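A look at the structure
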Amino acid sequence: MSNRILILYSSVDGQTLKICNKISKTLQQEGFTVDLFEVSNFQGDISNYSKLIIGASIRYGKHHKEVSSFIDKNLKQLENIKTAFFSVNLVARKEDKNQFNTNPYVMKFFEKQQWKPDIIDVFAGKLDYGAYSFFDKLMIKLIMKMTKGPTKTEWPIEYTDWNRVDDFISEILRL
């Protein structure tokens, strides 16, 4: 059990899953057995793992409700293992909003949670207007305009700081 890590995620456009895959690959290279599941598809027992990581993306200011439901349902078990949480959102592209204690979405999320993970972080996501539905494109452009972000791009912009992801992984290894 001590070498098993569970990674759960909720991803809208795939960047959170991409980050989870990087974390999983690195942890496996360090000798851990890693199980990766979309949060709503996990049917196992948390007590089979020594560590649990949850990655959750933001859409329209909120994490997916499945993340909160999972946490509420498993709160007692989460208190008995080492845990980490990270959020992925475009607001984190700004230097003053890229820490868990400065990111409004992460702060709001944990104000409503009883769970207190050992590690909390936030990573900037990916902006890809070409991949969004008409409605999402419109809404995200409006949000970007309000937050002084790009409203027109020819190519996707990946804001994720992979060095920060590596630092997050290092913290997990020290747990």
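Structure's up top.
The notes below deal with the structure included here.

1. Points about the overall build of the protein
When helices and strands are counted, the protein shows six helices and eight strands. Reading the protein from its N terminus to its C terminus gives the helix and strand order β-α-β-β-β-α-α-β-α-β-β-α-β-α. Taking 16 Å as the expected radius of gyration for a compact globule of 175 residues, we find that the protein reaches 16 Å, a close match to that expectation. Reported as C-alpha extents along the three principal axes, the dimensions of the protein are approximately 50 × 35 × 30 Å. Counting the 175 residues in the protein, one finds 45% classified as buried.

2. Side note on the nonpolar core
Leu8, Leu52, Ile54, Val67, Phe70, Phe85 and Trp115 are the most contacted members of the largest nonpolar core, which has 23 residues in total. For this core, the elements supplying multiple residues, two or more each, are strand S1 (4–10), strand S3 (51–59), helix H2 (65–73), helix H3 (75–78), helix H4 (104–111) and strand S6 (119–124). Here Leu8 is in contact with Phe37, Val39, Phe42, Leu52, Ile53, Ile54, Gly55 and Phe70, once residues within four sequence places are set aside. If you look at the next biggest cluster of nonpolar residues, it comprises 19 residues, including Ile7, Phe32, Val34 and Ala84.

3. Focus: the pairing of strand S5 (residues 82–89)
Burial of S5 is extensive: seven of the eight residues sit out of reach of the surface. Pairing of S3 with S5 involves seven bridges; the strand directions are parallel. Across the sheet, the residue bridging to Ala56 is Ser87, located in S5. In the sheet, S5 pairs with S6 via six bridges, with the strands oriented parallel. Bridging across to S6, Asn89 finds its partner in Ala124. The handedness of the S5 to S6 crossover, carried by H4, is right-handed.

4. Remarks on the side chain of Arg93
Tracing the backbone shows Arg93 in the loop between S5 and H4. The charged side chain of Arg93 is buried without a salt bridge, its nearest counter-charge being Asp96 at 8.9 Å. Polar contacts involving the side chain of Arg93 include one to the main-chain carbonyl oxygen of Leu90, which spans 3.0 Å. Polar contacts involving the side chain of Arg93 include one to the side chain of Thr147, which spans 3.0 Å.

5. Quick notes on helix H5 (residues 134–146)
Relative to the 18 Å expected for 13 residues at 1.5 Å per residue, H5 spans 19 Å between its end C-alpha atoms, a close match to the ideal helical length. Here H5 has its buried residues at Asp136, Ile140 and Met144. Down the axis of H5, the smallest arc covering the buried residues is 65°, so these residues share one side. The exposed residues of H5 that point more than 90 degrees off its buried face are Phe134, Phe135, Lys145 and Met146. Contacts made by the buried residues of H5 are with S3 and strand S7 (126–127). Remark: Lys148 follows H5 within two positions and exhibits a positive phi of approximately 60°.

The rules behind the values
- Residues numbered from 1 in each chain as written.
- Predicted model: local features only at pLDDT ≥ 70, side-chain atom pairs only at ≥ 80, totals over all residues.
- Heavy atoms only, no water.
- Helix = DSSP H or I, 4+ residues; strand = E, 2+ residues; numbered from the N terminus.
- Rg over C-alpha atoms; globule rule 2.2 N^0.38 Å.
- Buried < 20%, exposed > 50% of the residue type's maximum accessible area, 1.4 Å probe, protein only.
- Core = buried A, V, L, I, M, F, W, Y, C linked by side-chain atoms within 4.5 Å.
- Contact = heavy atoms within 4.5 Å.
- Pairing = 2+ DSSP bridges.
- Right-handed = clockwise from strand over helix to strand, strands pointing away.
- Lys, Arg positive; Asp, Glu negative; His and termini not counted.
- Salt bridge = Lys/Arg side-chain N within 4 Å of Asp/Glu carboxyl O.
- Polar contact = N/O pair within 3.5 Å; in protein donor to acceptor, adjacent residues only side chain to side chain.
- Expected span 1.5 Å × (residues − 1).
- Arc of directions from axis to C-beta.

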